[in-house]
Amino acid sequence: MRVGILGPLQVAGCAVGGARVRALLVRLALDPGRVVTTDRLIDDLWPGEAPAHPMAALQSLVSRARREAPGVISSHPAGYVLDVPPGEVDAWAFERLVRAGDMHRALALWRGPALADAADLPFATAPAARLEELRLTALATRIAADLSATITTDPTATPGATAADGPAPASIAATADHPDDSGGPAARGAGLVAELEGLVAAHPLREPFHALLMRALTTQGRRAEALTLFERIKAALAEELGVDPGPELREAHLEALRDAEPKSNLPARLTSFVGRSEDMSRLKGRLGGARLVTLVGPGGAGKTRLAVEVAAGLHVPDGVWLVELATATGVRAALEGALKTTDPVRALRGTAPLIVLDNCEHVIEEAATTARTLLSEVAGLRILATSREPLDIPGETLHHVLPLPEGKAAELFAERAAAARPDLRIEPEEAARICRELDGIPLAIELAAARLRTMPLSVLMRQLGDRLAFRGGRTAEPRHRTMRAVIDWSWNLLSDHERELLRGLTVFSGGATYEAISQVCGGDLDLLSSLVDKSLIAVSGDRYTMLETIRQYAAADLPELRQAHARYYTELAETADPHLRTGEQLKWLAVLDAERGNLDAALRHSDDPLRLVLPRLWSWIIRGRHREINEQAASVLRRVGDTPPAGRELAHGICRVLAGFAPTEAVLESDHPAALNSWALAGVGTPADVVSLTERQSGRLRDHPDLWTRSAALLATGIVRFEYGAVTGAEDLLEPAVDGFRAVGDRWGQWAGLFWLSLVAENHGDFATAVALAEEPERLATELSGLDTPLGPMTFLIRVGQLKGRAGDHAGAARALEQAWESAVRSDDQAIVARVMHARAELARRTGRPDEAARLLEAALALDVEVSAQLRAYMNVELARVREPREPLRRALELMATCSDRTARATVLEGVAEHLEPEAAAELLGAARALRGIGESADPHVNELEARCRAALGEHGYREASARGASIPSPERYALRPLSSP
């Protein structure tokens, strides 16, 4: 071919340079020997917007094309022409060969996608699609011919042959034919199958390729695979296009069915099978190497359905037989009935079938004996069993069928709900919540979805607590009519001791260790192991766990066990508490995190909740769970009343402080960690009260023998001084506190001290030091908490990003804030999103992008989310720097009028000062410096403002204005006056 466009452009066998030049040649090659007008070429080559001088641009392009491909382009008064006979353009030759029926030569012309060098231009779309469609048609025709030739030359590969006509393969997953090394019909047939499998994967809805693959599989005796392929394309056509298979597919289907003797009693599928693709793949692999695979799992998990789906998808020439034992009087009788023989061993010997023994648990002994006999006597047999406990015979491989993960469970619920109520729209988070409540158990999910036929979704969600009563359809087996019936089936197989232990295990929440179970319930290891085997509890790591559905079924009123449980976990918390202030902090935090559900349950049920709340307080503080602290303290107070029980005065007093009451002497005189600054944590009293109480405590504990206690007292006093009192001197307390925490290995203390030292440096305007001090707490916070807490890594990424931007490291700031943004979006916490948007806006303004800064700030302020008055004020100050300032500044000052955070107020006053006349600006700078408690600032921005004011007022005038500002009692209200004047 002289010109090739069936792939990358070639002219006389050579490639052509320049994308636009190639596009021109491709366009001309679509009409070889015909004039293509200049207007047409300009429109086709520059479809979006023509160049400023289109004729000149086209002429220049033609000149370049003539240099690249001499002698193929001729000029015409109306345009240009590809001066090549049509037969020398491969696309034209391809169509001629297809019409002539020479598919092999036609397809040999293809080197890649048609018109590839013009694929992004509209003129190529339709011709490329037409050529590709013709190629696929030619390909199907060529393969059909090759397939017919293969059948003709291989007398054993006939449509009527079955795998059973010859020797049975040794492997259950084996195919009837294998490619040989001779290049004969078997090899050619296998090659066609492989080629068609690739085409079917590439064109999943193209019927001719599926029909050809079905024919190829049938000729090789692989009828089961051909029939499975038909069911798959049939379902895909219905789902994607809403159509039935066409004549060609139906004929291939009939061909696969013709003369095929059924060798299975598996039931036909009535509903789609959702969420078990990984289980199916794993099971098929296991059945390739093991002769007995038992599916074990709790009732309702879908063991039977999974076993049937796996068995139906396997190629087993000697048959697949389902033996249902749920209602059988005996295993032997059920086996004889399924196989229609009175001597199963004799009937099966010499073959390689698959038997599915379903629901073995209530006849477990006979099922195990029968399975062992069959496997011993029939060498080629494989068994796939389902049971709530193992058969426990040699050679058994277990596959645990677990509840569905949340995503797959929600998919199942949505699909079944759509069948029950096609008009109902269910949000993904609603489906996920329902499935979590139902433990991801497929049967429970299906029963719940069916109820949508008769009730609104909101009512169903309220009914989830009564999940055991959800009822199935009329034809469901009695044991599957309700979840209660499902669990009844297992419960009735338990001994009295097993039932007693299962009831006892319901006092635990979130699982339990063996030590906890033995201490609380007294259950021995054999009984626990039996319940695990019977799929009523599970082992996860070092913990025994129970599904909430089973807990609801087995729960009983067990007051003595409840108190034993509360005592055990109270003692565990008391054991852990002192370790939380040592180098073993992370280890014991992990223990308490694992037992969080049990600790919460113990606190709810304990007869002595004040004893437990005290050792839990410090772990809540470390994890930053301040809301939980307040809620739990209030709950305990409601239960015990206003008068502390004897010996519980300290815990009672701390709970009262956390509820907003003044600290008692028991709290003020205590050296317990949770008492050290509980009043500051709770915001009790005025700032002066908090400072006074903290200073009193610090003086009392200055010489305490315990290094951690001395360090904690210094930390508390340094924080309170900085936050509420005269901020000067805070670093003199915080630095030795950090040294003490380092010495004892307490990460939390180091984090807190460094964090507040960073704030002190920031207050002085020393941003480089603030960055250095903030980066280490980021690492410590990552170890101590997660993204779900106020002290998580996101908070520190935001802070580090802002500080780096103010220190001039704009690239470092951008990296930190990009990480913070990705985390904020993943967390879906809109308050955090607003904080990151504010920080990114500040960086955008600092790097000369005021419009982007304004867009980010306006979007953050418009979020329907509750954020602190401080953050909202900061955002308004920043907005005033990139938009008309008056209204944003007014809002910022109003937000700060009642704020107790002195440094936040100072930051806003400095921001307002930027926009005022020199005298008013100097006054606000003086007020801000007084709030910060500093003499001189290292902040370049503040220093520039001061220099501007000095230049306008003179040194004496500036000092006077600054001193006036420092004495203003309410500088925010004072600053509103110049903003209110016209």
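Residues numbered from 1 in each chain as written. Predicted model: local features only at pLDDT ≥ 70, side-chain atom pairs only at ≥ 80, totals over all residues. Heavy atoms only, no water.

Before going further, it helps to spend a moment on the overall build of the chain. Assigned secondary structure in the chain consists of 47 helices and 14 strands. Here the chain has a C-alpha radius of gyration of 39 Å; the compact-globule value for 982 residues is 30 Å, and the former is much larger. For the chain, with 982 residues in total, the buried portion stands at 51%. The contacts in the chain between residues at least 6 apart in sequence include a share of 68% that link residues at least 24 apart. Entry remark: accessible area of the chain is about 44100 Å², with carbon and sulfur atoms responsible for 52%. Side-chain charges in the chain split into 111 positive and 134 negative, and the spacing between the mean points of these groups amounts to 3 Å. (Helix = DSSP H or I, 4+ residues; strand = E, 2+ residues; numbered from the N terminus. Rg over C-alpha atoms; globule rule 2.2 N^0.38 Å. Buried < 20%, exposed > 50% of the residue type's maximum accessible area, 1.4 Å probe, protein only. Contact = heavy atoms within 4.5 Å. Areas by Shrake-Rupley, 256 points an atom, 1.4 Å probe, with all protein chains shown as cover. Lys, Arg positive; Asp, Glu negative; His and termini not counted. Charge placed at Lys NZ, Arg CZ, Asp CG, Glu CD.)

Bridge count for strand β5 (residues 73-76) against strand β6 (residues 79-82) is 4 bridges, and the pairing is antiparallel. Bridged to Ile 73 within β6 is Leu 82. What sits between the antiparallel neighbours β5 and β6 is a turn of 2 residues. (Pairing = 2+ DSSP bridges.)

Glancing now at the environment of Ala 938. Locating Ala 938 in the fold gives a position in the loop between α45 (918-932) and α46 (940-966). The exposure class assigned to Ala 938 is partly exposed, which follows from its relative accessible area of 42%. Through-space distance from the C-alpha of Ala 938 to that of Gly 313 is 74 Å; in sequence the pair is 625 residues apart. Not counting chain neighbours up to four residues away, the residues in contact with Ala 938 comprise His 764, Gly 765, Asp 766 and Asn 943.

A word on empty space enclosed by the protein. All told, the structure shown has 7 cavities of 30 Å³ or more when counted by the stated rule. Approximately 90 Å³ is the volume found for the largest cavity. Lining of the largest cavity is provided by Leu 505, Phe 508, Ser 509, Gly 511, Ala 512, Ile 517, Ile 537, Tyr 544, Thr 545, Met 546 and Arg 551. Class assignment for the residues of the lining of the largest cavity results in 7 nonpolar, 3 polar and 1 charged. (1 Å grid on protein atoms, 1.4 Å probe; cavity = no way out; pocket = protein on both sides within 12 Å on 5 of 7 lines; lining within 4 Å. Points joined across faces, edges and corners; volume = space filled by probe spheres on them. Nonpolar A, V, L, I, M, F, W, Y, C, P; charged D, E, K, R; others polar.)

Here we take up the packing of aromatic side chains. By the definition in use, this model includes 11 aromatic pairs. Centre to centre, the rings of Trp 618 and Trp 708 are 5.4 Å apart; their planes meet at 85 degrees, and the pair counts as edge-to-face. Of this pair, Trp 618 sits in helix α28 (residues 609-623) while Trp 708 sits in helix α34 (residues 707-724), and the two are 90 residues apart along the sequence. Neither residue differs from the other here; Trp 618 and Trp 708 are each classed as buried. Centroid distance Phe 722 to Trp 756: 6.0 Å. Interplanar angle 75 degrees. Geometry classified as edge-to-face. Here Phe 722 is found in helix α34, whereas its partner Trp 756 is found in helix α36 (residues 747-763), with 34 residues between them in sequence. (Phe/Tyr/Trp six-rings, centres within 6.5 Å; stacked < 30°, edge-to-face > 60°.)

With the rule as written, the count across this model stands at 61 salt bridges. The salt bridge partner of Arg 849 is Glu 852, with a shortest N-O separation of 2.7 Å. Overall, Glu 852 belongs to the partly exposed group, its relative accessible area being 29%. One salt bridge connects Glu 955 with Arg 959, and the closest N-O pair in it is separated by 3.0 Å. Residue Glu 955 and its partner Arg 959 are located together in helix α46, separated by 4 residues, close to a single helical turn. Among the residues examined, Glu 955 registers a relative accessible area of 36% and is labelled partly exposed. Counted as one network, the salt bridges with shared partners bring together Arg 27, Asp 31, Arg 34, Arg 40 and Asp 44. (Salt bridge = Lys/Arg side-chain N within 4 Å of Asp/Glu carboxyl O.)

Along its 18 residues, helix α9 (residues 223-240) runs 25 Å from first to last C-alpha, staying within 8% of the 26 Å computed at 1.5 Å per residue. Restricting attention to buried positions, one finds in α9 the residues Arg 223, Ala 226, Leu 229, Phe 230, Ile 233 and Leu 237. Along α9, the residues classed as buried sweep out an arc of 115 degrees about the axis, all on the same side. Opposite its buried face, α9 presents the exposed residues Arg 232 and Glu 239, each directed more than 90 degrees away. Those residues of α9 hidden inside the fold are in contact with α8 (207-219) and α10 (247-257). (Expected span 1.5 Å × (residues − 1). Arc of directions from axis to C-beta.)

This paragraph deals with the environment of Gly 465. Along the polypeptide, Gly 465 turns up in the loop between α19 (457-462) and α20 (483-491). Residues Gly 465 and Glu 437, spaced 28 residues apart in sequence, show a C-alpha to C-alpha distance of 8.3 Å.

This brings us to the packing of helix α27 (residues 596-605) against α28. Axis angle and axis distance: for two packed helices, these are the angle between their axes and the distance between the axes, and together they describe the pair. The geometry of α27 relative to α28 is characterised by a closest axis approach of 10 Å and an angle of 145 degrees between their N-to-C directions. The element α27 and its partner α28 pack so that their crossing is left-handed. Contacts between α27 and α28 involve Arg 596, Leu 599, Asp 600, Ala 602 and Leu 603 on the former and, on the latter, Pro 609, Leu 612, Val 613, Arg 616 and Trp 620. Class assignment of the residues belonging to the contact of α27 with α28 gives a composition of 7 nonpolar, no polar and 3 charged. (Axes fitted to C-alpha atoms, helices over the stretch in contact; angles between N-to-C directions. Left-handed = near helix turned anticlockwise from the far one by under 90°.)

With that settled, the discussion passes to unusual backbone geometry. Non-glycine residue Lys 340 carries a positive phi angle of around 55 degrees. As for its position among the elements, Lys 340 is in the loop between α13 (331-339) and α14 (344-348). Using a relative accessible area of 75% as the deciding quantity, one classes Lys 340 as exposed. Although it is not a glycine, Asp 439 adopts a positive phi angle of roughly 65 degrees. Checked against the element boundaries, Asp 439 lands in the loop between α17 (428-437) and α18 (442-451).

This part covers the pairing of strand β8 (residues 320-324). The buried count for β8 comes to 4 of 5 residues, which makes it a mostly enclosed element. Sheet topology note: the β8/strand β9 (residues 354-358) ladder contains 5 bridges and is parallel. Each bridged residue has a counterpart across the sheet, and for Leu 322 the counterpart in β9 is Val 356.

As a further point, take the sheet that holds β5. Pairing is antiparallel across the open sheet formed by 3 strands, whose spatial order is β4-β6-β5. Each end of this open sheet is capped by a strand with a single partner; those strands are β4 (35-37) and β5. Neighbour to neighbour, the strand axes of the sheet diverge by 35 degrees on average, direction disregarded. Of the strands in this sheet, β4 and β6 are in contact with helix α2 (residues 38-45), which crosses β4 at around 70 degrees. Strands in contact with helix α3 (residues 54-68) are β5 and β6; relative to β5, the strand with the most contacts, it is inclined by about 150 degrees.

Read from one edge of the open sheet, 5 strands run β8-β9-β10-β7-β11, paired in parallel fashion. The open sheet terminates on both sides in strands that have one partner only, identified here as β8 and β11 (396-400). For this sheet, the mean angle separating the axes of adjacent strands, direction not counted, is 20 degrees. Packed onto the sheet, α13 meets β8 and β9 and runs at close to 140 degrees relative to β8. Strand contacts of helix α15 (residues 364-377): β7 (292-296), β9 and β10 (382-387), with the helix running at about 170 degrees to β10, the strand carrying the most contacts.

An α-helical turn contains 3.6 residues, so any two residues separated by three or four positions project in the same direction. In a regular helix each residue adds 1.5 Å, so 27 residues correspond to 39 Å; α46 covers only 21 Å between its end C-alpha atoms and thus falls short of that length. At Gly 954, α46 shows its strongest bend, of approximately 115 degrees. Every buried residue of α46 is accounted for by Val 942, Leu 945, Glu 946, Cys 949, Tyr 958, Ala 961, Ser 962 and Gly 965. Tucked inside the fold, the buried residues of α46 contact α44 (902-913) and α45. (Bend = angle between axes of the 7 residues up to and from the residue.)

This brings us to the confidence of the model for the chain. Confidence along the chain averages 88 in pLDDT terms, with 92% of residues attaining 70 or more. Of the regions scoring below 50 in pLDDT, residues 152-182 engages in 54 contacts with residues more than four places distant in sequence or in other chains. Note on residues 786-791: pLDDT is under 50 here. Beyond four places in sequence and across chains, it has 13 contacts. (pLDDT = per-residue confidence, 0-100.)

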